[in-house]
Amino acid sequence: MLKIIGIIFLCIAVFVVILLVYLSNKSAVAKDYIKKIETGGDIEAKYLGDGAYEVSYYEEKAVQVFEKYEIYYPKELETEDKVYPVIVVCNGTGWKASKSKSVYEHYASWGFIVIATEETYSWNAFGAEMCVVHLQRLNDNQVINGKENIFYQKIDFDQAGIIGHSQGGVGVINAITNTEHKNIYRTAVALSPTNKELAEALEWPYNAAQITVPIMLVSGEGGGDDWVVTGEGLKAIYDDIPGDKVMLRRRNTDHGKTQYSEDGYVTAWFMWQLQGDAEAAKAFAGENPELLNNPLYQDQMIHAGEK
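Note that the structure is predicted; figures quoted are calculated from it, not measured.

A. Molecular detail of the nonpolar core. The biggest cluster of nonpolar side chains holds 50 residues, and the ones touching the most others in it are Val88, Ile162 and Tyr185. At six residues, the largest contribution of residues to this core is made by helix 4 (residues 126–140).

B. How the structure looks around the confidence of the model for the protein. Averaged over all residues, the pLDDT of the protein is 90; the fraction at 70 or higher stands at 89%. Ignoring residues within four places in sequence, the model shows residues 9–27, a span with pLDDT below 50, making six contacts including any to other chains.

C. The side chain of Gln167, seen in detail. By secondary structure assignment, the location of Gln167 is in helix 5 (residues 167–177). In this structure the side chain of Gln167 is engaged in a polar contact, spanning 2.7 Å, whose partner is the side chain of Thr93. Of note is the side chain of Gln167, whose polar atom sits 3.1 Å from the backbone nitrogen of Trp123.

D. Inspection of helix 8 (residues 263–275) at higher detail. The buried count for helix 8 comes to 12 of 13 residues, which makes it a mostly enclosed element. When we look at burial in helix 8, the residues that qualify are Asp263, Gly264, Tyr265, Val266, Thr267, Ala268, Trp269, Phe270, Met271, Trp272, Gln273 and Leu274. Phi for Gly276, located one or two positions after helix 8, is positive at around 65°.

E. Region of the structure containing the pattern of salt bridges. Enumeration over the complete set of coordinates arrives at 12 salt bridges. The residue Lys31 makes a salt bridge to Glu105 at a minimum N-O spacing of 3.7 Å. Placement of the pair is Lys31 in the loop between helix 1 (2–25) and helix 2 (42–48) and Glu105 in helix 3 (residues 101–108), with a sequence separation of 74 residues. Notably, a salt bridge pairs Asp239 with Lys235, separated by 2.9 Å at the nearest N-O pair. Of this pair, Asp239 and Lys235 both sit in helix 7 (residues 231–240), four residues apart, roughly one helical turn. Take Asp239: its relative accessible area is 45%, and that puts it in the partly exposed class.

F. Layout of the environment of Lys68. Tracing the backbone shows Lys68 in strand 2 (residues 68–74). Distance in space between the C-alpha atoms of Lys68 and Thr117 is 5.7 Å, their sequence separation being 49 residues. Among residues more than four places away in sequence, those in contact with Lys68 are Tyr57, Glu59, Glu60, Lys61, Ala62, Ala116, Thr117 and Glu118. A polar side-chain atom of Lys68 sits 3.3 Å from a polar atom in the side chain of Glu59.

G. Up close: the sheet that holds strand 11 (residues 297–303). Pairing is mixed across the open sheet formed by nine strands, whose spatial order is 1-2-4-3-7-8-9-10-11. Both outer strands of the open sheet, strand 1 (55–61) and strand 11, are each paired with one neighbouring strand and no more. Mean inter-strand twist for the sheet, computed between neighbouring axes without regard to direction, equals 15°. Alignment of strand 10 (residues 245–253) against strand 11, held across five bridges, turns out to be antiparallel. Looking at strand 11, one finds that Arg250 is bridged to Tyr297. Packing against the sheet, helix 4 makes contact with strand 1, strand 2, strand 3 (84–90), strand 4 (113–117), strand 7 (155–165) and strand 8 (185–191), and its axis sits at approximately 155° to strand 7. Most of the contacts of helix 8 go to strand 8, to which it runs at about 170°, and overall it touches strand 3, strand 7, strand 8, strand 9 (215–222), strand 10 and strand 11.

H. Region of interest: the environment of Ser166. Here Ser166 lies in the loop between strand 7 and helix 5. Taking the C-alpha atoms as reference points, Ser166 and Gly92, 74 residues apart in sequence, are found 5.2 Å from one another. The residues contacting Ser166, other than those within four sequence positions of it, are Leu191, Ser192, Pro193, Thr194, Val228 and His255.

I. How the structure looks around the packing of aromatic side chains. Using the criterion set out here, one finds 17 aromatic pairs in the structure. Ring centres of Tyr58 and Phe151 lie 5.4 Å apart, and the angle between their planes is 65°; on these two criteria the pair is classed as edge-to-face. Placement of the pair is Tyr58 in strand 1 and Phe151 in the loop between strand 6 (147–148) and strand 7, with a sequence separation of 93 residues. Exposure remark for Tyr58: the relative accessible area of 24% places this residue in the partly exposed category. Phe151 sits in the buried class, given a relative accessible area of 0%. Every member of this aromatic cluster is reached through a ring pair, and the members are Tyr57, Tyr72, Tyr104, Tyr107, Phe112 and Phe270. The cationic tip of Lys245 hangs over the ring face of Tyr238; the distance from NZ or CZ to the ring centre is 4.5 Å.

About the criteria used
Here, residues in each chain are numbered from 1, in the same order as that chain's written sequence. Where local features are concerned, this predicted model is filtered to residues with pLDDT of at least 70; where side-chain atom pairs are given and counted, the filter is 80 or more; whole-chain, interface and lining totals use all residues. Calculation of side-chain values draws on the structure's entire complement of heavy atoms; hydrogens and water are dropped beforehand. Each nonpolar core is a collection of buried residues, namely Ala, Val, Leu, Ile, Met, Phe, Trp, Tyr and Cys, held together in the definition by side-chain atoms within 4.5 Å. Only protein chains enter the calculation, and the probe is 1.4 Å; a residue is then buried if its accessible area is under 20% of its type maximum, exposed if over 50%, and partly exposed in between. Secondary structure is summarised from DSSP: a helix means a run of H or I of at least four residues, a strand means a run of E of at least two, and numbering begins at the N terminus for each. Per-residue confidence from the predictor is reported as pLDDT, a score between 0 and 100. The contact rule is simple, with two residues in contact once any of their heavy atoms fall within 4.5 Å. The term polar contact refers here to a pair of N or O atoms within 3.5 Å; inside protein, the definition further demands a hydrogen-donor-capable atom paired with an acceptor-capable atom, and it admits residues adjacent in sequence only when both atoms are side-chain atoms. One speaks of a salt bridge when a side-chain nitrogen belonging to Lys or Arg is within 4 Å of a carboxyl oxygen belonging to Asp or Glu. Strand pairing is defined by DSSP finding a minimum of two bridges between the two strands. Lines are fitted to the C-alpha atoms to define the axes, a helix being fitted only along its stretch in contact, and any angle between axes, read from their N-to-C directions, falls within 0 to 180 degrees. Stacked, tilted and edge-to-face pairs are distinguished by plane angle, under 30 degrees for stacked and over 60 for edge-to-face with tilted covering the rest, among Phe, Tyr and Trp rings (Trp via its six-membered ring) whose centres lie within 6.5 Å. Comment: the charge-over-ring label is applied if NZ (Lys) or CZ (Arg) is within 6 Å of the ring centre and within 35 degrees of the ring normal.

This is how it looks when you write it as structure tokens:
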């Protein structure tokens, strides 16, 4: 009887391990997520849709604990002689980039090189810093590991942005204020960044008052986002930022879903800031920015000049 019980417990343990491995590698964002998100404006709807570029994927093992570099890029990069703007990703707590493939494919379809890792502890922006170093290596070497390098002189370091969710939002702020390559970034997006008090308690310090590039702050509302950043907490971060900035809170959206529910405006922001897209700019700038009139959001605030 004891042997039978032992075998049963062993089978259960094996099942639990297999389940955890499966869940840790299973995508947490649906492949067709952009078709399921409600939009409240024409600009939001346009940039939530796929862009014009077919997307390809490249990965390379990393020596660091975040396992590998994952790069999504326009497929035409393999044959075209031009440079492409960059988006660096800071992951949320325990949230590997491989769980959000469809999000990064979406950005790449709009003409961006998107680089992420499997890092799960990103507040200090070390992973983001190593992504920049890796991109520099790719851009500077015609041959890597004995193979022709498709990224050689194709990466536009004059048009680089960064995005992160939750703890990754803290990583974003630290990347653009407190890293060796902070000056490479032209813009940023922080999705539900951990509020100042909680970040201090977790020993994830950051100083939004040191931000010098345009940044968009996003959170949810009424859906369980308050434990990470309340409306007041997001406004406190916003108030610390001295320059161009945008704040928005999506109604009835929980913390996890803020990673992708605002993608229409996130994509539009990067298109405006990094590609000079005049139509995307109308969401945030001009006499009547669409964002301010979108009923799906609340507490919208904009202090962003013309580019």
